[in-house]
Amino acid sequence: MGWKEFFGFGRKRREPDPGGSEEKPSASVTDLTLADLQVGYVLDYDMKTWEVTAQHHYDWGDGGTLSHEWQMKSHDDTLYLEKASDDEVEWCVCRPIPFSRLGARVRNHIQEHEDPPDEIEFEGTTYHLDEFGGGKFFRNGKGPGREFLVWDYEDDAGERFLSIEQWDEDDFEVFVGIFVEEYQFTNILPRIG
């Protein structure tokens, strides 16, 4: 098999058998989109090649709204790609940061008020509370789900965000990121072998 056949170029698609006995041909790698990502896939983003190392989802408990998340690693970095569908599909990428980087003011506010402040300053950007909610996290899409709370913040331009997740009484995770478009990701390839 030559490289063109391997990657689906020049291959004619067969029409399905009316009797249904033949298998439908699988999608060509040229047809892959971000929503098709699975563990082991690779793709290019921000001048790096990333491998999908995990696939999770969140159930927001409001009648079936799910967010999908893919953990991706490059040779020197880890980030998370998330697909959320509310009124329209929204994509974002984020990185975890230590909760302590938000400063003592945020931790003190949570201890005194049981919620983070409405406004957070981080690395020169002011983030405003956009929404608060709770849901269940399903690691690798399996299990009973782990309950958590999340406070989502956005900057004034609506381009950057910061999320604080609370997993237990004093167990917090923070993620900072940006909203992205699907066209920013290229060369999506499935795992070979």
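Residues numbered from 1 in each chain as written. Predicted model: local features only at pLDDT ≥ 70, side-chain atom pairs only at ≥ 80, totals over all residues. Heavy atoms only, no water.

The next subject is the environment of P96. Within the element layout of this structure, P96 appears in strand β5 (residues 89-97). Look past the residues within four positions of P96 in its chain and what remains in contact with it is T78, Y80, V174 and F175. (Helix = DSSP H or I, 4+ residues; strand = E, 2+ residues; numbered from the N terminus. Contact = heavy atoms within 4.5 Å.)

A few words now on the pattern of salt bridges. Evaluation of the coordinates by the stated rule reveals seven salt bridges. Ionic pairing is found between R107 and D170, a salt bridge with its closest N-O pair at 3.0 Å. Placement of the pair is R107 in helix α2 (residues 104-113) and D170 in the loop between β9 (160-168) and β10 (171-180), with a sequence separation of 63 residues. The shortest N-O distance in the salt bridge between R146 and D168 comes to 3.4 Å. Of the two residues, R146 sits in strand β8 (residues 146-155) while D168 sits in strand β9, which places them 22 residues apart along the sequence. A relative accessible area of 39% places R146 in the partly exposed class. Since its relative accessible area comes to 46%, D168 is described here as partly exposed. The network of salt bridges with common partners includes K48, D76, D77 and R95. (Salt bridge = Lys/Arg side-chain N within 4 Å of Asp/Glu carboxyl O. Buried < 20%, exposed > 50% of the residue type's maximum accessible area, 1.4 Å probe, protein only.)

Take the side chain of K83 next. By secondary structure assignment, the location of K83 is in strand β4 (residues 78-85). Buried and without a salt bridge, K83 has E182 as its closest oppositely charged side chain, separated by 7.8 Å. Setting aside chain neighbours within four positions, we find K83 in contact with A35, L66, S67, H68, W70, V89, E90 and W91. (Lys, Arg positive; Asp, Glu negative; His and termini not counted.)

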